[in-house]
Amino acid sequence: MLTCPVGLQSLSAVPTIQAFELGLSITRPLQIQELPNEGLHYGEKVSETLLSDLLEHGPARGSVRFHPEGPADLDIEVVPATQLRPGTTTQRPTIRIHGHVELTLNSCCVRCLCDVRPRIHAPVEITLHPDKDPLEGIGTASKPSDLENPQLESWDEETFPQPEALDEDSYQGTDVFLLDIVREAIQLALPSSPTCKDTDACDLRTQQLIREANAEIEASNAEGDPRWAALRALKREIDETNHGGGTGNH
Ligand SMILES: [Zn+2]
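What you see is a predicted model; the values in this text were computed from it and never measured. (Residues numbered from 1 in each chain as written. Predicted model: local features only at pLDDT ≥ 70, side-chain atom pairs only at ≥ 80, totals over all residues.)

**Student:** Can you lay out the overall build of the protein chain for me, pointing to particular residues and giving the numbers?
**Tutor:** Helix and strand content of the protein chain: five helices and ten strands. For the protein chain, buried positions account for 24% of its 250 residues. Taking as baseline every contact in the protein chain between residues at least 6 positions apart, the subset at least 24 positions apart corresponds to 76%. (Helix = DSSP H or I, 4+ residues; strand = E, 2+ residues; numbered from the N terminus. Buried ≥ 20, exposed ≤ 12 C-beta atoms within 10 Å, placed from the backbone. Contact = placed C-beta atoms within 7 Å.)

**Student:** Could you give me a rundown of the nonpolar core, with the residues and numbers involved?
**Tutor:** Grouped together as the largest cluster of nonpolar side chains are 34 residues, with contacts concentrated most on Leu74, Val78, Ile95, Val101, Val124 and Val182. Elements with a minimum of two residues in this core: strand E3 (40–46), helix H1 (48–57), strand E5 (72–80), strand E6 (95–108), strand E8 (119–130) and helix H3 (178–189). If near-sequence neighbours (up to four positions away) are discounted, Leu74 is found in contact with Ile26, Tyr42, Gly43, Glu44, Val46, Val101 and Val182. (Core = buried A, V, L, I, M, F, W, Y, C linked by C-beta atoms within 7 Å.)

**Student:** Please set out H3 residue by residue, giving values where relevant.
**Tutor:** Between its first and last C-alpha, H3 extends 17 Å over twelve residues, near the 16 Å set by a 1.5 Å rise per residue. Among the residues making up H3, those that are buried are Leu178, Ile181, Val182, Arg183, Ala185 and Ile186. Of the surrounding elements, those touching the buried residues of H3 are strand E2 (30–31), H1, E5, E6, E8 and strand E10 (175–176). (Expected span 1.5 Å × (residues − 1).)

**Student:** Quick one: what's the story with the environment of Ala81, residue by residue and with numbers?
**Tutor:** Here Ala81 lies in the loop between E5 and E6. Taking the C-alpha atoms as reference points, Ala81 and Leu128, separated by 47 residues in sequence, lie 9.4 Å from one another.

**Student:** I'd like a rundown of the environment of His41, residues and numbers included.
**Tutor:** Mapped onto the elements of the fold, His41 is located in strand E3. The sequence separation of His41 and Thr16 amounts to 25 residues, and the corresponding C-alpha distance is 5.8 Å. In this structure, His41 is in contact with Thr16, Ile17, Gln18, Ala19 and Glu77, ignoring residues within four places of it in sequence.

**Student:** Residues and numbers for unusual backbone geometry, please.
**Tutor:** Trans is the common state for peptide bonds, and a negative phi is the common state for residues other than glycine. Not every positive phi belongs to a glycine, and Leu113 is a case in point at roughly 70°. Note that Leu113 resides in the loop between E6 and strand E7 (115–116). Overall, the presence of 13 C-beta atoms within 10 Å leaves Leu113 in the partly exposed class.

**Student:** Quick one: what's the story with the pairing of E6, residue by residue and with numbers?
**Tutor:** Across two bridges, strand E4 (residues 67–68) lies against E6 in antiparallel orientation. The partner of His67 across the bridge, within E6, is Asn106. Alignment of E5 against E6, held across eight bridges, turns out to be antiparallel. Each bridged residue has a counterpart across the sheet, and for Ile76 the counterpart in E6 is Gly99. Pairing analysis gives ten bridges linking E6 to E8, with the strands arranged antiparallel. Bridging from a neighbouring strand, Glu102 pairs with His121 of E8. The pairing of E6 with E7 spans two bridges and is antiparallel. Paired with Cys108 across the strands is Asp115, a residue of E7. Connecting E6 to the next strand, E7, in antiparallel fashion are six residues, including Leu113 with a positive phi near 70°. (Pairing = 2+ DSSP bridges.)

Right, dumping it as structure tokens:
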């Protein structure tokens, strides 16, 4: 018997229900009573507009900016860890969300500043427990040991992600904000320092940038600090006047 939450790997014995068949989409929160025992499979495109929004409102990844290049491919399963009791609406099971999202991003090489388009594979792996709900009372199926979901028995233990590798969190009330989980998965998968795939070409461009920057610095040193240009002009004028006056008194 399974006693602790584990990941979803082999669900082939009991196929999940396609979310779109129930009119469900990642674009809106899943109400927990909409989740069937078989679980839901979300296989859909996430629009570029929505991705822009997700990337814009998440925590920044250093100073590197990312923009989506086309829609993302979402492939996740949402499965109750405990069997739902028929005829009840208040129970809030522990749920497991497993899968991945893939997308192409547009960013800037941190070395040569050229455009780069990294392809991101963001794994989604999380167990969500219901938070404490004072109205719910006793007898909910939120504990994994209570009313085990028979679907979980069919999982291949060898392909289980290790429990410590699984993220855990909680959901409040009856809404599960799947999009927040997708956003977090994408944020975690963003490269901290995107660079060009063609490292030789990137090296050449970087060296050229360094040469240009050095040339600018040298030119600026030769001219002196531009902030003192007016004073230098004045000094030159005084020097010329003094020399022109022929005092030579020193
Ligand atoms: Zn580069």
